[in-house]
Amino acid sequence: MTDALDRQLIAAVQHGLPITSRPYLAIAQQLAISEQEVINRLTQLKQQGLIKRFGVIVHHRKLGYQANAMVVWNIPDDIVDEIGCKLSQEKCVNLCYQRPRRENWAYNLYCMIHGKSRDTVLAQLQQIIETHALSAFAYQVLFSRRCFKQRGAIYAADSGLR
Amino acid sequence: MQLTALHKALLNNYQQDFPLSPTPYLEIATALGVTEAEVLAALTELANQRFISRIGLIIPPNQLGVSCLVAMAIPQAQLQTVANVVSSYSEVNHNYEREHAFNLWFVLIANNQQHLQKVLTEIEQKTGFLTMQLPLIADYFINLGFELELND
């Protein structure tokens, strides 16, 4: 369960933990609660899975990972969960989602692959296709070109929680 | 900027489980055999040089509010203009050009479905192009963080 204070805490931390000796104290003072309460609540939110990860958020492009491909597949509905779970465990796959098909868009499984070059990404993709016997399924590779905007998800403090 | 062993350790080892103790940077320093001041300096450098965006948290999609992946097919000559309109919304958190007829891809996050639809309708009206909405059905991701190969 989360409450208004949890949401304020998430809003305070999501812009970045201060890089100072007592960062949780700085946030505690902002919210007028104790340092220990900040730590306890963040620990709990993480245990609950509401915070998926907490730590250093890297810029892949700056670190030499210039090639980013979104690979989309058309996988039959009755096996998409099974294949999605398997692909998500591949080391080179960063994200793996199921989304609805649309008119002119027959794809329902999405994977993100980051690599240092297009060739590396394409080689990794071939490896995945072979390992998981995916060659019968239609797919497309959408490499990213320009990045117009990139920032972490920003949630307003009053967001409704599900 | 040349990445040192300390920079690399900070980039690779602290993406998922940042210490939740009163002095997390001291805890990291102890684990890496350096001083707290060195850790603070190295992280500040990484942030200033944009190797890291921040020390922050990642919330799974649709836990707080609603999100949706959106694609648009835009003629190349108009792409920058349309992308600017899309990026101007604070609800849009990333916005990329991709190599496909559907060449503009962005993620929208809003407090509720109604607000999300309002933003999409506005984008369609302002740009004159339709949006293709691809909300999440399932998130299969288990392995978190991203292992960087920083040695080559």
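Residues numbered from 1 in each chain as written. Chains lettered and ligands numbered in written order. Predicted model: local features only at pLDDT ≥ 70, side-chain atom pairs only at ≥ 80, totals over all residues. Heavy atoms only, no water.

Chemist: Explain the overall build of chain B to me, using residue names and the numbers behind them.
Modeler: Of the regular secondary structure elements, chain B holds 5 helices and 6 strands. The helix and strand sequence of chain B, counted from the amino end, reads α-α-α-β-β-α-β-β-α-β-β. Over its C-alpha trace chain B gives a radius of gyration of 20 Å, far above what one expects of a compact globule, namely 15 Å for 152 residues. The contacts of chain B with a sequence gap of at least 6 include a subset with a gap of at least 24, amounting to 61%. Accessible surface, chain B: about 6800 Å² in total, of which carbon and sulfur atoms supply 52%. Computing the positive centroid from 6 side-chain charges and the negative centroid from 14, chain B places the two 10 Å apart. (Helix = DSSP H or I, 4+ residues; strand = E, 2+ residues; numbered from the N terminus. Rg over C-alpha atoms; globule rule 2.2 N^0.38 Å. Contact = heavy atoms within 4.5 Å. Areas by Shrake-Rupley, 256 points an atom, 1.4 Å probe, with all protein chains shown as cover. Lys, Arg positive; Asp, Glu negative; His and termini not counted. Charge placed at Lys NZ, Arg CZ, Asp CG, Glu CD.)

Chemist: Lay out the interface of chain B and chain A in plain terms, naming residues and giving numbers.
Modeler: Contacts between the two partners involve 79 residues from chain B and, on the opposite side, 83 residues from chain A. Summing both partners gives a buried area of about 7900 Å² for chain B against chain A, and 58% of it is carried by carbon and sulfur. Three residues, Leu20, Glu99 and Tyr140 of chain B, lead the burial of chain B against chain A; their summed loss comes to 11% of the area buried on that side. Of the charged contacts, one joins Lys52 of chain A and Asp139 of chain B as a salt bridge, the two residues approaching to 3.2 Å between their closest N and O atoms. Looking at the side of chain B that touches chain A residue by residue, the classes come out as 45 nonpolar, 23 polar and 11 charged. (Buried area = accessible area lost by both parts, 1.4 Å probe. Salt bridge = Lys/Arg side-chain N within 4 Å of Asp/Glu carboxyl O. Nonpolar A, V, L, I, M, F, W, Y, C, P; charged D, E, K, R; others polar.)

Chemist: Which residues make up the domain arrangement of chain B, and what values go with them?
Modeler: Quoted interface sizes are often the accessible area lost when the parts come together. Splitting chain B by domain gives domain 1 (5-48) and domain 2 (66-134). Between the C-alpha centres of domain 1 of chain B and domain 2 of chain B there is a distance of 37 Å. (Domains from an automatic or database assignment.)

Chemist: Explain unusual backbone geometry to me, using residue names and the numbers behind them.
Modeler: The phi dihedral of Asn104 of chain A falls on the positive side, at around 65°, and the residue is not glycine. Secondary-structure assignment places Asn104 of chain A in the loop between strand S3 (93-98) and strand S4 (109-115). For Asn104 of chain A, a relative accessible area of 70% corresponds to the exposed category. We note that Arg50 of chain B has phi near 65°; this positive angle belongs to a residue other than glycine. Secondary-structure assignment places Arg50 of chain B in the loop between helix H3 (36-48) and strand S1 (52-58). By relative accessible area, which is 46% here, Arg50 of chain B ends up partly exposed. (Buried < 20%, exposed > 50% of the residue type's maximum accessible area, 1.4 Å probe, protein only.)

Chemist: I'd like a description of the pairing of strand S2 (residues 66-72) of chain B, backed by residues and values.
Modeler: Working note: regular strand, side chains alternate between the two faces of the sheet. All names here are of chain B. With 7 of its 7 residues buried, S2 lies for the most part within the structure. Burial along S2 is two-sided: Val66, Cys68, Val70 and Met72 facing one way and Ser67, Leu69 and Ala71 facing the other are all buried. By the bridge criterion, 3 bridges tie S2 to strand S5 (residues 132-134) in an arrangement that is antiparallel. Opposite Val70, over in S5, you have Gln133 as the bridge partner. (Pairing = 2+ DSSP bridges.)

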